[in-house]
Amino acid sequence: MVLHKGLKNDNVRILQEFVGCEPDGIFGPITEQHVKNFQESHGLWPDGVVGPKTWTLLKIATTDQSETNVANDYIDGSWKNLKIEKHMLPPGEYLSTPTKKEWVFLHHTAGWNNPFRTIDNWAADSRGRIATEYVIGGQSIDGDDDNHDGVVVQCIPGNGYAWHLGKNGSHHMHIGSIGIEICSFGYLKDGKTYTGRKAHESQIVTLEKPFHNRTQWHRYSEAQIKSTRDLLYHIANEHDIDIREGLPALIKQKGAAAFDWNESAYYGRIKGVLSHSMTNKGKSDIAPQPEMMQMLVEL
């Protein structure tokens, strides 16, 4: 359960009673300041966000799933509507040892829109244990099928992991990260994918400045961006990862340049949400599409 400024619900009311402000159920600036004061007095980083550590110190953490679900209404109720499909890889296609997660990596598939087929391809290929825990489906490049658009599918159970980062400077980052793969073809040239397939005009985005020498990209859909946001909140709640750190914080400082290779990210010194392009010079996932950037800075 995570509470933050802008929420309105009964869990906020309970929180307010514990931190000593008017229990009106509205998480506004006064409640935020009371939370910050509590956090600072108990040795926590005073960010004003009530995550698992703050709940524990308040001694009001709960294992009641029905109560946890009440708090899952981030951003006008969208998180509580998050549905995660299960389509697990065969046991030999991932490492089952649970690990503590400290990073969330955003990727795109450079391929088709069906997340289930993506997972099946990982299971059938000869590369071994290479996969991400989650895949988010997209629209058909032809513009004739959106049945998988925004569908979230999990394929690795029990906090296990698979390889998804390639070469970088931190082995720990391989085993301590969660990957989210967004179905998208990536860069386009004259409206065509690297396969020569013409993208539907509604799925083409042109960046103001080139990214990896490309200005034209396959657009991440509105449904994909919403699902990415909701899934990030879900992961933050499950693993106590500050999803405002990493890429979201860097976008505020550097804009689209935040998606470029970053030495500190490469060596695992930046925690939170990262893109694959930040830790691998040869990768361009994910692209700095304005709508994706806006979602990330608003987390």
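A brief structural summary. Quantities reported herein were computed from a predicted structural model and do not represent experimental measurements.

### A word on the overall build of the protein chain
Looking only at helices and strands, one finds eleven helices and eight strands in the protein chain. For a compact globule of 299 residues, the expected C-alpha radius of gyration is about 19 Å, and the protein chain comes in at 20 Å, within 12% of that figure. In the protein chain, which comprises 299 residues, the proportion classed as buried is 53%. Within the protein chain, contacts between residues separated by at least 24 positions form 68% of all contacts whose residues are at least 6 apart in sequence. Counting 31 positive and 37 negative side-chain charges, the protein chain places the centres of these two groups 6 Å from one another.

### Quick notes on the pattern of salt bridges
One pass over the full model with this rule turns up ten salt bridges. Note that K83 and E85 form a salt bridge whose closest N and O atoms lie 3.6 Å from each other.

### Some remarks on the nonpolar core
In this structure, I180, L232, I235, I243, F259, M292 and L296 are the most contacted members of the largest nonpolar core, which totals 43 residues. If you list the elements that add at least two residues to this core, you get β2 (103–108), β3 (134–136), β5 (177–182), β6 (204–211), α8 (222–239), α9 (247–254), β8 (272–275) and α11 (290–297). A total of six residues in this core trace back to one element, the largest contributor, which is α8. For I180, the residues in contact, after removing those within four places along its chain, are V104, F105, L106, H107, T132, Y134, I136, L231, L232 and I235.

### Regarding the side chain of E93
The topology assignment puts E93 in the loop between β1 (84–86) and β2. As a buried residue without a salt bridge, E93 has its nearest oppositely charged side chain in R129, at a separation of 7.2 Å.

### Some words on the packing of aromatic side chains
Under the defined criterion, the tally for this structure stands at eight aromatic pairs. Between the aromatic rings of F185 and Y194, the centroid separation amounts to 5.9 Å while the plane-to-plane angle is 55°, which identifies the pairing as tilted. Assessed through its relative accessible area of 45%, Y194 is described here as partly exposed. Judged by centre distance (6.4 Å) and plane angle (85°), the ring pair of Y187 and W217 falls under edge-to-face. With Y187 in the loop between β5 and β6 and W217 in strand β7 (residues 214–218), the pair connects residues that are 30 residues apart, well separated along the chain. We classify Y187 as partly exposed; its relative accessible area is 28%. Through a chain of ring-to-ring contacts, the aromatic side chains of Y187, F211, W217 and F259 assemble into a single cluster. Between the NZ or CZ atom of R214 and the centre of the ring of Y187, over which it lies, the distance is 4.0 Å.

The rules we used
Residues numbered from 1 in each chain as written. Predicted model: local features only at pLDDT ≥ 70, side-chain atom pairs only at ≥ 80, totals over all residues. Heavy atoms only, no water. Helix = DSSP H or I, 4+ residues; strand = E, 2+ residues; numbered from the N terminus. Rg over C-alpha atoms; globule rule 2.2 N^0.38 Å. Buried < 20%, exposed > 50% of the residue type's maximum accessible area, 1.4 Å probe, protein only. Contact = heavy atoms within 4.5 Å. Lys, Arg positive; Asp, Glu negative; His and termini not counted. Charge placed at Lys NZ, Arg CZ, Asp CG, Glu CD. Salt bridge = Lys/Arg side-chain N within 4 Å of Asp/Glu carboxyl O. Core = buried A, V, L, I, M, F, W, Y, C linked by side-chain atoms within 4.5 Å. Phe/Tyr/Trp six-rings, centres within 6.5 Å; stacked < 30°, edge-to-face > 60°. Lys NZ or Arg CZ within 6 Å of the ring centre and 35° of its normal.

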